[in-house]
Amino acid sequence: MRPDKVATLVAILTVIAAPVSARPLRILSLDQCADQYVLALAPEAELALSPRADDPDSWMRNAARGHRRVRPTLEAAIAFQPDVVVRYWGGEPRLLAALERRGSRVLMINETPDMAGVQANVRALARGLGQTGRGERMIQRMDARLAEAKRPADPHRTALYLTAGGFTAGRETLVGAILVAAGFTNLALGPGFAPVSVERIALAPPARFILGFFDQVRADWRGAGRHPVVRRAASGHVAAILPSAVLSCPAWFAADAAAMLAAAP
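What you see is a predicted model; the values in this text were computed from it and never measured.

Enquirer: With reference to specific residues and values, describe the sheet that holds strand 11 (residues 238-242).
Expert: Sheet architecture is open: four strands sit in the order 8-6-10-11, paired in parallel fashion. One side of each edge strand has no neighbouring strand; the edge strands of this open sheet are strand 8 (185-186) and strand 11. Two strands pair when backbone bridges link them, and strand 6 (residues 158-163) and strand 10 (residues 209-212) are joined in this way by four bridges, in the parallel orientation. By the bridge assignment, L160 is partnered in strand 10 with F209.

Enquirer: Outline the packing of helix 6 (residues 132-149) against helix 10 (residues 254-262), listing residues and values.
Expert: Angle between the axes and distance between the axes are the two parameters that describe a pair of packed helices. Where helix 6 contacts helix 10, the axes come no closer than 8 Å and their chain directions differ by 20°. Comparing the axis directions of helix 6 and helix 10 gives the class roughly parallel. Helix-helix and strand crossings are classified by hand; for helix 6 and helix 10 the assignment is left-handed. Between helix 6 and helix 10, the residues in contact are R141, M142, R145, L146, E148 and A149 and A255, D256, A258, A259 and A262, respectively. The residue makeup of the contact of helix 6 with helix 10, split by class, is seven nonpolar, no polar and four charged.

Enquirer: How would you sum up the side chain of S104? Please name residues and give values.
Expert: Mapping S104 onto the fold places it in the loop between helix 4 (93-101) and strand 5 (105-108). A polar contact of 2.6 Å, which involves the side chain of S104, links it to the backbone oxygen of P82. Ignoring any residue separated from it by four or fewer positions in sequence, one finds S104 in contact with P82, D83, V85 and L99.

Enquirer: Tell me what's going on with the layout of surface pockets, and back it up with residues and numbers.
Expert: Here the largest pocket is characterised by a volume of approximately 310 Å³. Lining the largest pocket are 19 residues; nearest its centre among them are E111, L174, V175, F193 and L247. Among the secondary structure elements, those contributing two or more residues to the lining of the largest pocket are strand 6 and helix 7 (174-181). Tallying contributions element by element places helix 7 first for the lining of the largest pocket, with three residues. Of the residues that constitute the lining of the largest pocket, the class distribution is 13 nonpolar, four polar and two charged.

Rules of the game
- Residues numbered from 1 in each chain as written.
- Predicted model: local features only at pLDDT ≥ 70, side-chain atom pairs only at ≥ 80, totals over all residues.
- Heavy atoms only, no water.
- Pairing = 2+ DSSP bridges.
- Helix = DSSP H or I, 4+ residues; strand = E, 2+ residues; numbered from the N terminus.
- Axes fitted to C-alpha atoms, helices over the stretch in contact; angles between N-to-C directions.
- Parallel < 35°, antiparallel > 145°, perpendicular 65-115°, else oblique.
- Left-handed = near helix turned anticlockwise from the far one by under 90°.
- Contact = heavy atoms within 4.5 Å.
- Nonpolar A, V, L, I, M, F, W, Y, C, P; charged D, E, K, R; others polar.
- Polar contact = N/O pair within 3.5 Å; in protein donor to acceptor, adjacent residues only side chain to side chain.
- 1 Å grid on protein atoms, 1.4 Å probe; cavity = no way out; pocket = protein on both sides within 12 Å on 5 of 7 lines; lining within 4 Å.
- Points joined across faces, edges and corners; volume = space filled by probe spheres on them.

Okay, here's the thing in structure tokens:
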């Protein structure tokens, strides 16, 4: 065989034998909570984040810079061709069904009232994204932060959680679990979230307030939590103001919120 033909044949066989470089995992995040998980667990993947990924109430907003944003529409999602779709509340059922028919795996972040549920979320997402080791390290950090926050139970260390919109959080809520983890007795005795009347605060003001979502200065501007009567009652009695970024998602940074509260008087 002529030398030039041998060289050509060798070049062709080399190309055929060369390993095909796998592209990065392509992950579509359908809402702000999902953004937090994919940025923390799979930052090396090819990410398409929600439009709110770098909003002030996003815990991972700095990490979101430079990543593409995709609106949760069928056209945009199909154009991205995700391998995995992550959601907490974003994206309607028809969108998810259409993506699954096209071969995407859908991973769900579940609502949870406690830290154990948060850790279950972390494990499930980490496993689904092929990042089990990273997920376990996040859980270890959570445990360390919760140990940092732990204080002896004190029935006199009571507090009322209050949002700018005038809502509180009682039993069976993650906010309630954050208060308990930091050693507070929650004055909201009922389950779930409930409105707090201005009259109740005026007549029986709590010894301590823990405020949430007050850093969103344009949100709930006329909410009961910003009422002048409430402001007067809270003056000098605010134990802590939790940033909205630690409250907007059932994620690992709930343990950071507990550690923030632990130092409160």
